Amino acid sequence: GYMSDLVNSFSSNFVSIVEKNTDSTMLIDCKSGSKFSYSDVDIKIKSCMLLLTSHLPSGKTQSILSLLPNSIETLIIFFSVSLSDSTYAPCHELSSIEEVKDWVSIVKPTLCVVPRGLKYEIEEYLNSESIPIIFVSTGDHLSWMGYDESLIKYSSKGSKLLLKTSGTTGSPKAMCLNINTLWSSANSFVRHNGAIDEKLRYYNFLPMSYLGGLFNLGLIPLVKGGSIVIDESFSAKTYFKFWKIVEKYKISILWLVPTIINGLLSLVKNANKKAYDNRVKLCLVGTAPIKLADKELFEREFGIPVRENYGLSETTFISSENLSESYGARNEGSVGNILPYVDLKLVPIENSRPDISKKFNILVKTPFLFDGYLSADGSINKALALDADNYFRTGDIGIIEGNRLSIIGRSKDIIKKGGNFVSLREIELVVEKNKHVLESAAVSIPHSFYGESVLLYIVLNSPESACINQEIYSWLGDHVSKYKMPDKIIIKEKFPKTTSGKIMKIALQDC
């Protein structure tokens, strides 16, 4: 049954998928309008593999760091690395020099693939580390890759994907995911879902430095020989062109995050609803909690069924709503049925009120668990994330009724701003390096476009001039990515604290 997917390797499956779908469209580039069939992409992957190999020091394990924006090129490089027993380590395109240095120190790349027009200080740093660089132009019909049909043998046996953790502990780590495991998870998810039973067309605008852009919208569409329309990474302007792209490219399946669903709904409220050609068959949603009312409103406004799934980057999918899901069965926080290959362990939360449903910490066992966290010393360890029985701690809190899971909160201090994860703890740790800052507290605030954003409170070392606020804001802008920047910095004389000395963030927002 489900376990048979585990023996499937991405490389052998990819070859058969290309043979089966040779002339079918695989990738469409929003930027240039170019379309590439499965056989076109196959040739481009081989050309790209030769290009990458020509820049690599011989005899070294290939570990390729990417700083590229969302583009057709980025996805082809990801496929190329995944089919050549190598490691792909994407870094967000807007990363600061400090974030790039941290990532380099962990992933120790043998090659960097970067866009033309890269910040000079980052280029200078990579050169100082003697890391070879390939400069890539995005959106120019892939001409820079050349055209090569050499008989290259694909292998994904040792292929890995390294992704930056959201950073709850503050110190950056890399999650190490096995490409064959991801591919097997994609196959199992598609098989279980039932709605993804044909060649569907997906709209990919989720960041390709996370799993959203690479796995959900990169690998999963290939399982049934579907096609992927690739657009630049999500931003506020995505909302305004969204339905035009859906109509222009005849997109049949959407994969959204709750903030984007909310943004699309808010635009409907504020504009004359334009009729559009509704050939979208399904909208999948995940990565953060969504209100039941928002799911149902989206279904009413756009006539597209919304099905929620739940999982983490470390586990991939844990539960999923089926297309046949009956509406009466849904409740607030419900994320569908636990997938048949996932084993859940529920640890009761102490001090749960007896008059309400019992709340549990959720731990899971899945055949598709990641390999572990890669530390700066090169070791890969997942033991710290597992309990004594080898169940993975999700950090989420939920209730279970029958086989249906509802997520009611999370113990991790992470928000989803637009399509990007932001760790509040990371922002605090960075700003506290500033000489003027004594301590800080970052909190989540609602945002009309991004769903959630950051408000940063700080206490100064000494009550200096009032204009210090802007100086700290500018300083922070040099140390974190643009999308992690707080909306505002508020200076406080002191923070309300518990008896054990923890900052009371809720009280802070009230006072």
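Residues numbered from 1 in each chain as written. Predicted model: local features only at pLDDT ≥ 70, side-chain atom pairs only at ≥ 80, totals over all residues. Heavy atoms only, no water.

A.B. asks: Can you help me understand a negative patch on the surface in this one?
C.D. replies: Taken together, the side chains of Glu-98, Asp-102, Glu-121, Glu-124 and Asp-478 present a region of like negative charge at the surface. For the negative patch, the secondary structure elements donating two or more residues are α4 (97-107) and α5 (120-128). Mapped onto the elements of the fold, Asp-478 is located in the loop between α12 (468-477) and β26 (488-492). Among the residues examined, Asp-478 registers a relative accessible area of 54% and is labelled exposed. (Patch = residues over 30% accessible without salt bridge, like charges linked within 9 Å, V, L, I, M, F, W, Y side chains within 5 Å. Areas by Shrake-Rupley, 256 points an atom, 1.4 Å probe, with all protein chains shown as cover. Salt bridge = Lys/Arg side-chain N within 4 Å of Asp/Glu carboxyl O. Lys, Arg positive; Asp, Glu negative; His and termini not counted. Charge placed at Lys NZ, Arg CZ, Asp CG, Glu CD. Helix = DSSP H or I, 4+ residues; strand = E, 2+ residues; numbered from the N terminus. Buried < 20%, exposed > 50% of the residue type's maximum accessible area, 1.4 Å probe, protein only.)

A.B. asks: I'm lost on the sheet that holds strand β24 (residues 437-447) in this one. Help?
C.D. replies: Within a sheet, each strand pairs with its neighbour through backbone hydrogen bonds, oriented either parallel or antiparallel. Strand order in the open sheet formed by three strands is β24-β25-β26, with mixed pairing between adjacent strands. Each having just a single partner strand, β24 and β26 make up the two edges of the open sheet. Taking each pair of neighbouring strands and ignoring which way they run, the sheet shows an average axis angle of 25 degrees. One ladder, built from ten bridges, connects β24 with strand β25 (residues 451-460); its direction is antiparallel. What sits directly across from Val-443, in β25, is Leu-455. Docked against the sheet, helix α11 (residues 424-431) engages β24 and β25, running at close to 150 degrees with respect to β24. Each of β24, β25 and β26 touches α12; the most contacted strand, β26, lies at about 130 degrees to it. (Pairing = 2+ DSSP bridges. Axes fitted to C-alpha atoms, helices over the stretch in contact; angles between N-to-C directions. Contact = heavy atoms within 4.5 Å.)

A.B. asks: In this structure, what is going on with the packing of aromatic side chains? I would like to understand it.
C.D. replies: Aromatic rings in a pair are described by how distant their centres are and how their planes are angled relative to each other. Applying the stated criterion to the full structure yields 25 aromatic pairs. Ring geometry for Phe-234 versus Tyr-239: centroids 5.4 Å apart, planes at 85 degrees, classification edge-to-face. The same class applies to Phe-234 as to Tyr-239, namely buried. A connected cluster of aromatic rings, assembled from ring pairs, spans Tyr-203, Phe-205, Phe-234, Tyr-239, Phe-240, Phe-242, Trp-243, Phe-298, Phe-302, Phe-449 and Tyr-450. The lysine or arginine in question, Lys-173, covers the ring of Tyr-373, its NZ or CZ lying 4.1 Å from the ring centre. Positioned over the ring face of Tyr-450 is Lys-417, at 5.6 Å from the centre of the ring. (Phe/Tyr/Trp six-rings, centres within 6.5 Å; stacked < 30°, edge-to-face > 60°. Lys NZ or Arg CZ within 6 Å of the ring centre and 35° of its normal.)

A.B. asks: Explain the side chain of Thr-315 here, please?
C.D. replies: When you line up the elements, Thr-315 lands in the loop between β13 (306-312) and β14 (316-320). Each residue touching Thr-315, except ones within four places of it in the same chain, is listed here: Val-364, Thr-366, Phe-368, Leu-369 and Phe-392.

A.B. asks: What is the right way to look at the packing of helix α1 (residues 10-20) against helix α6 (residues 179-193) in this model?
C.D. replies: In a packed pair of helices, the relevant descriptors are the angle between the two axes and the axis-to-axis distance. At a closest axis distance of 9 Å, the pairing of α1 and α6 adopts a crossing angle of 55 degrees. The orientation of α1 relative to α6 falls into the category oblique. Between α1, through Phe-10, Asn-13 and Ile-17, and α6, the contact on the second element is made entirely by Ile-179, Asn-180, Trp-183 and Asn-187. (Parallel < 35°, antiparallel > 145°, perpendicular 65-115°, else oblique.)

A.B. asks: Would you take a moment to explain the pattern of salt bridges for this structure?
C.D. replies: Close approach of charged atoms allows side chains with opposite charge to pair. Applying the stated criterion across every chain, the model contains 15 salt bridges. The shortest N-O distance in the salt bridge between Lys-295 and Glu-321 comes to 3.4 Å. Here Glu-321 lies in the loop between β14 and β15 (334-338) and Lys-295 lies in helix α10 (residues 292-302), a separation of 26 residues in the sequence. Each member of the pair Lys-295 and Glu-321 is classed as buried.

A.B. asks: Mind showing me how you'd approach unusual backbone geometry here?
C.D. replies: Excluding glycine, a negative phi dihedral is what most residues carry, and trans is how most peptide bonds are arranged. One non-glycine residue, Ser-130, lies in positive phi territory at about 55 degrees. Structurally, Ser-130 can be placed in the loop between α5 and β6 (133-136). Using a relative accessible area of 63% as the deciding quantity, one classes Ser-130 as exposed. The phi dihedral of Lys-250 is positive, around 55 degrees, even though this residue is not glycine. Within the secondary structure layout, Lys-250 lies in the loop between α8 (236-248) and β11 (253-256).

A.B. asks: Even after reading the chapter, I still don't get α12, so can you show me in this structure?
C.D. replies: One turn of the α-helix equals 3.6 residues, which is why residues spaced by three or four share an orientation. For α12, the set of buried residues is Ile-468, Ile-472 and Leu-476. Down the axis of α12, the buried side of the element spans an arc of 75 degrees, and every buried residue falls inside it. In this fold, the buried residues of α12 make contact with α11, β24, β25 and β26. (Arc of directions from axis to C-beta.)

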